[in-house]
Amino acid sequence: MIESLLVVNRGEIARRIIRTAKRLGVRAVAVHSEADAGLPFVTEADEAVCVGPANPAQSYRNVEAVLAAAQSTGVQAIHPGYGFLSENADFAQAVVASGLLWVGPGPDAIIAMGDKINARNLMAAAGVPVAPGTTEPAADLTAAVNAAAEIGYPVMVKAAAGGGGMGMGIATDEAALRTEYDKVRAFAERMFGDGSVLIERYFPRVRHVEVQILGLADGRVVALGERECSVQRRNQKLVEESPSPAVTPELRSRLLAAAVRAGEAVGYRNAGTVECLLDPTTGEFFFLEMNTRLQVEHPVTELVYGVDLVEEQLRVAAGLPPTFDPDALAPRGHAIELRVNAEDPKRFLPGPGAITTWTEPTGEGIRVDSGYVAGNTVTPFYDSLMAKLIVSGVDRAEAISRARAAVAQFQLAGPKNNLPFFAELLDNPEFLSGDYDTGIVSRMR
């Protein structure tokens, strides 16, 4: 096993990685910004290094500072968590070139799946279903208009280099397309440094279902079930559950097989997620994108499949076999994750501030992965995620019942938070039925 690890992230995911590292006897070193010096992940690490000011570009995304921290602390490997540098192929290559182990997929896989158009084309060639759309960037507005006419409205206008629900717009006709194309292109250039835009068929009623894959050290790719991610605001996830209430055994078999083919097509190693759109009417699914990293929502898979995905990541990086039998994977029970964010529960606008009360719920089937404690301050410099409230039960009904109790027990004061929204969702007839789609939040508002 790896002996020492630099965790290049912050908040709950840094704390989560450190927890597994310590359980395995791995020395865990944290990097942090000046603004995060007082957060729990810094004090819980075996060692911590400040890599710069609050601005992520000068700290968590500062490659030179991070590699210098790795060298000064003598670590053997680097785990990037999610966000920040986790899907930066240049950083992954720099880590490998410096003689360190990279706890993630190889740079080639990151590059192959990072461009949405290239990824679509690769998946189509591998026999993975893809939605109707462009096979190359729409070079200008005329090309976009022509592509949309061929695909048929409504269409999704999407940044080729985007991710995390950012850089997307919906056009129901040519007039809207002209507006959205310019808007998405400008956003993509500003946020990703790449203004390439693709046009895809938009499905007004759709579910967002993803598959957790793991590329093993021996070259095999395995799938650890699916997650339902359709409770979203502004194309960003709020709630995830596993298994998906929309997926039948027959559909699961097809979905997981397609995800494995996707991983095999790029020689995938380590943890990754194949995201798909599912038409609830026809049962058809289409490749959306692949996230070449650990996902925020990985705990629901851990609870249903009885694995520690961070441990498995470390084992793959070290060239070790998994702790489980790849030929005997089967889900048990049901798990739901609620993302507790520092935001208004009605409009979902950020609401940072000092935490005056923080008491986490406890009890059977309740897990909290948190990044803060009372006395900490949620600053405006980073993502609004404060904690992940994860519940599990023998079935979906028990998981929902435990989720209600956990939300009621969670005492949080100071920053705005979305716990009231979750209390509302867990009593929503549409959600309770399991027959919901990505429009559920907008219908609640």
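These lines cover the structure that appears in this document, whether it is placed above or below. Predicted, not measured: the structure shown is a model, and the values here were computed from it. (Residues numbered from 1 in each chain as written. Predicted model: local features only at pLDDT ≥ 70, side-chain atom pairs only at ≥ 80, totals over all residues. Heavy atoms only, no water.)

Description of the packing of helix H1 (residues 11-23) against helix H11 (residues 309-317)
Where H1 contacts H11, the axes come no closer than 9 Å and their chain directions differ by 65°. Taken together, H1 and H11 sit at an angle that is classed as roughly perpendicular. As for how H1 packs across H11, the hand of that crossing is right-handed. Along the contact surface, H1 presents Arg 16, Ile 17, Thr 20 and Arg 23, while H11 presents Leu 309, Val 310 and Glu 311. (Axes fitted to C-alpha atoms, helices over the stretch in contact; angles between N-to-C directions. Helix = DSSP H or I, 4+ residues; strand = E, 2+ residues; numbered from the N terminus. Parallel < 35°, antiparallel > 145°, perpendicular 65-115°, else oblique. Left-handed = near helix turned anticlockwise from the far one by under 90°. Contact = heavy atoms within 4.5 Å.)

Brief notes about the sheet that holds strand S9 (residues 207-215)
Taken in spatial order, the eight strands make up an open sheet running S13-S12-S9-S10-S11-S14-S19-S17, and their pairing is antiparallel. The sheet is open, and its two edges are formed by strand S13 (285-291) and strand S17 (366-370), each paired on a single side. With strand direction ignored, the average angle separating the axes of adjacent strands in the sheet is 25°. Inspection of the sheet shows S17 paired to strand S19 (residues 385-393) by five bridges, in the antiparallel sense. Its bridge partner being in S19, Asp 369 is matched across the sheet by Lys 388. Of the strands in this sheet, S17 and S19 touch H1, which is tilted by about 115° from S17. (Pairing = 2+ DSSP bridges.)

Concerning the side chain of Thr 134
Looking at the element boundaries, Thr 134 is found in the loop between helix H6 (116-125) and helix H7 (141-151). When sequence neighbours within four positions are dropped, the list of residues in contact with Thr 134 reads Arg 120, Ala 147, Ile 151, Leu 198 and Ile 199.

Considerations on the packing of H7 against helix H8 (residues 174-192)
Any two packed helices are characterised by the angle at which their axes cross and by the distance between the axes. Their axes nearest at 10 Å, the elements H7 and H8 cross at an angle of 135°. The angle between H7 and H8 falls in the class oblique. As for how H7 packs across H8, the hand of that crossing is right-handed. Residues Leu 141, Ala 144, Val 145 and Ala 148 of H7 lie in contact with H8, whose contacting residues are Glu 174, Leu 177, Arg 178 and Tyr 181. Classifying every residue of the contact of H7 with H8 by side-chain character gives six nonpolar, no polar and two charged. (Nonpolar A, V, L, I, M, F, W, Y, C, P; charged D, E, K, R; others polar.)

Regarding the packing of aromatic side chains
By convention here, two paired aromatic rings are described through the distance between centres and the angle between planes. Enumeration over the complete set of coordinates arrives at eleven aromatic pairs. Centroid distance Tyr 60 to Tyr 382: 5.7 Å. Interplanar angle 80°. Geometry classified as edge-to-face. In this pair, Tyr 60 is assigned in the loop between strand S3 (47-52) and helix H3 (63-73) and Tyr 382 in the loop between strand S18 (377-378) and S19, connecting sequence segments 322 residues apart. This pair shows no difference in class: Tyr 60 is buried, exactly as Tyr 382 is. Their ring planes at 85° and their centres at 6.5 Å tell us that Phe 84 and Tyr 382 sit as a pair that is edge-to-face. Highlighted residues: Phe 84 in the loop between strand S4 (77-79) and helix H4 (89-97) and Tyr 382 in the loop between S18 and S19, separated in sequence by 298 residues. Among the aromatic side chains, those forming a connected cluster through ring pairs are Tyr 60, Phe 84, Phe 381 and Tyr 382. Across from the ring centre of Tyr 436, 4.7 Å away, lies the NZ or CZ of Arg 207, which sits over that ring. Positioned above the aromatic ring of Phe 431 is the side chain of Arg 396, whose terminal nitrogen or guanidinium carbon lies 4.8 Å from the ring centre. (Phe/Tyr/Trp six-rings, centres within 6.5 Å; stacked < 30°, edge-to-face > 60°. Buried < 20%, exposed > 50% of the residue type's maximum accessible area, 1.4 Å probe, protein only. Lys NZ or Arg CZ within 6 Å of the ring centre and 35° of its normal.)

Just geometry here; none of it tells us what the structure is for.
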